[in-house]
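Spelled out from the first residue to the last, the chains are:
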Amino acid sequence: MKIAILGKPFTDDIAPFIQALFDELQRRKAQLCLVEHFELYLKNTINLPTGIETFRRGDKLDGVDVVLSVGGDGTLLDTVTYVGAQQVPILGINTGRLGFLATIPYDSINLAIDALYKGHYTLDDRALIRVDSDQEVFSGINFGLNEFSVLKRDTSSMIVVHTYIDGEYLNSYWGDGLVVATPTGSTGYSLSCGGPLVLPQTNNFVISPVCPHNLNVRPMIVSDRSVISFEVEGRSSSYLAALDSRSTSVDMSVQLAVRREAFVARLVKLHHVNFLSTLRSKLNWGLDKRNTLIK
């Protein structure tokens, strides 16, 4: 197999597990390629095999069978921007904290690699959200897995986000901003704003206001076939636009709209892992003693 690996720095106690990952891949004679900045970090952290290729964002991942994302959910979101329309399957190894997307614990790395080689997995296609604008906003990487957000600047007063669905006026949201989340992103920022949990394969967006000044405003689910557009007003001359973990200052005059991206993020799902079990685990639903007899 040809395997690409992206990651971020990890703590000393995790280093032996990362070393075991590379030792196992070397034993299996995998062809490896590392993103440049992670390769530089690993050279000073573990013993790397020889003959490793490197790549940068925007490079073609020719012949790559799977991409390993070593970190947390933020690392996996970044990995999606490296893969893009190439749709190479991504397996998330969690060396972070919560891990809704990076579901493989770092102490189960060898089991995950064995499952990859044996074909004991399925591919879970996740919808992406795309941002269109009349000026370049996100340096050409205008898609994300979790959500798009319009937010006030830290030092500014509230903003007003006039929102339209397929050209028809929906509402003017007064507050700190607005989040449009994919089903995958329903467990992220949208959830903290009171948005609903949405199963990954539902074809929807979730519109969630951030700290709304109108108390009767609630999150809303719309079809992901819709085009959602915005006009933003406020006392400041600019606001923040965020796409997953990437944010930038945008002038009030810039026109923005979101829609579903034409391609997907293809996540590797091992047979013992599913979305509902992840919810129960990460949200601590199973802590209720009354659930002990429920399988």
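Since we're looking at a predicted model, the values are computed, not measured.

### A few points about the UniProt feature "binding site: NAD(+)" (unreviewed entry) in the protein chain
So, step 1. When the UniProt feature table is mapped to this numbering, "binding site: NAD(+)" (unreviewed entry) covers Asp73, Gly74, Asn146, Glu147, Asp176, Thr187, Gly188, Tyr189, Ser190, Leu191 and Ser192. Maximum C-alpha separation among the annotated residues is 24.4 Å over a sequence range of 120 residues, too wide for a single clustered spot.
So, step 2. With near-sequence residues (within four places) excluded, Glu147 lies in contact with Ile129, Val179, Val180, Ala181, Gly185, Tyr189, Ala242, Leu243 and Asp244.
So, step 3. Along the polypeptide, Tyr189 turns up in helix α5 (residues 189-192).
So, step 4. Under the relative-accessibility criterion, Tyr189 is labelled partly exposed at 30%.
So, step 5. Excluding anything up to four places from it in sequence, Tyr189 contacts Glu147, Ser149, Leu151, Val179 and Val210.

### Describing the environment of Ala15
So, step 1. Examined against the element boundaries, Ala15 turns out to sit in helix α1 (residues 15-27).
So, step 2. Classification of Ala15 by relative accessible area gives buried; the value is 15%.
So, step 3. When residues no more than four places from it in sequence are discounted, the contact partners of Ala15 are Phe10 and Ile46.

### Here's the deal with the side chain of Thr182
So, step 1. Along the chain, Thr182 turns up in the loop between β12 (177-181) and α5.
So, step 2. Exposure remark for Thr182: the relative accessible area of 0% places this residue in the buried category.
So, step 3. Not counting chain neighbours up to four residues away, the residues in contact with Thr182 comprise Ala127, Leu128, Ile129, Leu145, Asn146, Asn204 and Phe205.

### What to know about the sheet that holds strand β13 (residues 204-210)
So, step 1. Spatially, six strands are ordered β14-β13-β12-β9-β16-β17 in an open sheet, and the strand pairing comes out antiparallel. Whereas interior strands pair on both sides, the edge strands pair on one side only; in this sheet they are β14 (220-223) and β17 (246-251). Each strand of the sheet is rotated relative to its neighbour by a mean of 20°, with strand direction disregarded.
So, step 2. Bridging between strand β9 (residues 147-151) and strand β16 (residues 238-243) involves four bridges; their strand directions are antiparallel. Note that in β16 the partner of Phe148 across the bridge is Leu243.

Calculation rules
- Residues numbered from 1 in each chain as written.
- Predicted model: local features only at pLDDT ≥ 70, side-chain atom pairs only at ≥ 80, totals over all residues.
- Heavy atoms only, no water.
- UniProt positions renumbered as here; feature names shortened; annotations may be inferred.
- Contact = heavy atoms within 4.5 Å.
- Helix = DSSP H or I, 4+ residues; strand = E, 2+ residues; numbered from the N terminus.
- Buried < 20%, exposed > 50% of the residue type's maximum accessible area, 1.4 Å probe, protein only.
- Pairing = 2+ DSSP bridges.
- Axes fitted to C-alpha atoms, helices over the stretch in contact; angles between N-to-C directions.

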